Amino acid sequence: MKPLTARLTVTLLGITALALSARQRPAVDFEAMPFAPRHYVASRALLPVRVDGKLDDPAWASAPWTDTFVDIEASRRPAPRFKTRAKMLWDDEWLYVAAEMEEPDLWGTLTERDSVIFRDNDFELFIDPDGDTHAYYELEVNALGTPWDLLLIKPYRDGGPAINGWDITGLQARVDLKGTLNKPGDRDQGWTVELALPWRILKEAAPGHNPPKPGDRWRINFSRVEWQMDVIEGQYSKRLQAGSKNPLPEENWVWSPQGAINMHMPERWGYVQFSDRPAGKEPVPFVDDPNEGVKWALRRLYYRQGSYRAANGTYATTLDALNASNIQAAGVELNPVMHTTASTYEITTAGSDGATVHIVQDGRVWVSR
């Protein structure tokens, strides 16, 4: 899903994609949003997974579901009209993702890979293997099983292009429909999606270009795009805004809430921790990393630098100008240092366990030792 800040056409590497119109909402105070990403422990697949979209493999039976999805803006918007949840497994070759979605009106139109899939109702997966908010993956699938996979060099807000020609080679994406597709007049139950993504592709942006090890955490989020529909002359049609030929804005339902209508804020995504314990065994507890709280503290300074630049035409050159002294991180004493040039900055601070945490003007955040 593209960032919804305006109605415009974006050209990415010669591929034109329509960005959706913005909802009329008050400006979002990104810094004020609670930092509370959801988390999930992905177990090893105890049995081979047959990817057919049906989720009836014994391998899935013991894998826990995520929390039910909420609106992308969290408490700023009503709860979703239909239930959505997901689950994950992994083995030496694959990351497996399954999703279950209630849907009374199954609908889909796009059949060509790498179409702009969110123009249909869809399920979306976002993966940032190293958690630096750059070089991350997006995958969208509609009820026809048509995928759109792309690589984001960095978020759109930071000037990053999307590489539409990048593919998850070997991707398996299957759907199963509980009802009839594109048939108004009956009431459908919903649809399920089953995905298998090979580590040999996902490791490209992972630390050390390696698949995850037990205990590793990747930043992941899920989204569901839902359009309100009417039936016109026996066919589904997107419901229009009153007195307009434009459709109503889509609804966006997510696992870990973003706080704004923008999936391309990877710092808001959830955490998936990989466990070597098979599904159905005593679960491994999720382990927090104190440096994630330090990353969030520096992200707050990044937001402030953005506001300062918007107001003054340049970045602040002192931390006092950003009122940095009122930013804290649990369990870690922050003593940030900032270096600037005419058009760039880097802020660093000591983290936990001898780490140094960095953030720069294009939003990339990382830990060094």
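The structure presented is a predicted model; accordingly, all values stated were derived computationally and were not measured.

## Overview of the overall build of the chain
The helix and strand tally for the chain stands at 3 helices and 21 strands. Here the C-alpha atoms of the chain give a radius of gyration of 21 Å, agreeing with the 21 Å that 2.2 N^0.38 yields for 369 residues. The principal-axis extents of the C-alpha atoms in the chain amount to approximately 65 × 55 × 35 Å. Out of the 369 residues in the chain, the part that is buried amounts to 52%. Once local pairs closer than 6 in sequence are excluded, the contacts in the chain between residues at least 24 apart make up 64%. Only carbon and sulfur atoms are counted for the fraction: they give 49% of the accessible area of the chain, which is about 16,400 Å². Separation of charge centres in the chain, based on 41 positive and 50 negative side chains, amounts to 2 Å.

## A few points about the confidence of the model for the chain
Any region with low pLDDT has predicted coordinates that should not be read closely. Residues at a pLDDT of 70 or more form 93% of the chain, whose mean pLDDT is 92. Contacts for the low-pLDDT stretch residues 2-24, under 50 throughout, to residues beyond four places or in other chains number 56 contacts.

## What to know about unusual backbone geometry
If you check the backbone angles, Glu233 has positive phi at about 50° while not being a glycine. With respect to the helices and strands, Glu233 occurs in the loop between strand E14 (229-232) and strand E15 (235-238). A positive phi angle is found at Asp353, which is not glycine, with a value near 55°. On the secondary structure map, Asp353 appears in the loop between strand E19 (345-350) and strand E20 (356-360). Asp353 gets classed as exposed once you look at its relative accessible area, which sits at 66%.

## Digging into the pattern of salt bridges
Scanning the model with the defined rule gives 24 salt bridges in all. In this structure, the salt-bridge partner of Arg364 is Asp132, at a minimum N-O distance of 3.1 Å. Here the residue Arg364 occupies a position in the loop between E20 and strand E21 (365-368), and Asp132 occupies one in the loop between strand E7 (122-128) and strand E8 (136-142), the gap between them amounting to 232 residues. Note on Asp132: relative accessible area 6%, which makes it buried. Two residues, Lys178 and Asp176, come together in a salt bridge whose shortest N-O distance is 2.7 Å. The network of salt bridges with common partners includes Arg50, Asp52, Asp56 and Asp57.

## Some words on the side chain of Thr349
Among the structural elements, Thr349 can be located in strand E19. A polar contact is formed between the side chain of Thr349 and the backbone nitrogen of Asn335, at a distance of 3.2 Å. Those residues in contact with Thr349, other than ones at most four positions away along the chain, are Val294, Leu298, Leu334, Asn335, Pro336, Ala355, Thr356 and Val357.

## Quick look at the packing of aromatic side chains
In this structure the tally under the stated criterion is 19 aromatic pairs. With 6.4 Å between their ring centres and 10° between their planes, Phe69 and Phe222 make a pair best called stacked. In this pair, Phe69 is assigned in the loop between helix H1 (58-61) and strand E4 (70-71) and Phe222 in strand E13 (residues 217-226), connecting sequence segments 153 residues apart. With a relative accessible area of 4%, Phe69 lands in the buried category. Taken together, a centroid distance of 5.3 Å and an interplanar angle of 70° make the contact between Trp90 and Phe274 edge-to-face. Placement of the pair is Trp90 in strand E5 (residues 84-90) and Phe274 in strand E17 (residues 270-278), with a sequence separation of 184 residues. Its relative accessible area of 1% is what places Phe274 among the buried residues. The structure contains a cluster of three or more aromatic residues connected by ring pairs, namely Phe30, Phe35, Trp296, Tyr302 and Tyr303. Across from the ring centre of Tyr271, 4.0 Å away, lies the NZ or CZ of Arg219, which sits over that ring. Seen from the ring of Tyr302, Arg299 lies directly overhead, with NZ or CZ sitting 4.8 Å from the centre.

Analysis parameters
Residues numbered from 1 in each chain as written. Predicted model: local features only at pLDDT ≥ 70, side-chain atom pairs only at ≥ 80, totals over all residues. Heavy atoms only, no water. Helix = DSSP H or I, 4+ residues; strand = E, 2+ residues; numbered from the N terminus. Rg over C-alpha atoms; globule rule 2.2 N^0.38 Å. Buried < 20%, exposed > 50% of the residue type's maximum accessible area, 1.4 Å probe, protein only. Contact = heavy atoms within 4.5 Å. Areas by Shrake-Rupley, 256 points an atom, 1.4 Å probe, with all protein chains shown as cover. Lys, Arg positive; Asp, Glu negative; His and termini not counted. Charge placed at Lys NZ, Arg CZ, Asp CG, Glu CD. pLDDT = per-residue confidence, 0-100. Salt bridge = Lys/Arg side-chain N within 4 Å of Asp/Glu carboxyl O. Polar contact = N/O pair within 3.5 Å; in protein donor to acceptor, adjacent residues only side chain to side chain. Phe/Tyr/Trp six-rings, centres within 6.5 Å; stacked < 30°, edge-to-face > 60°. Lys NZ or Arg CZ within 6 Å of the ring centre and 35° of its normal.

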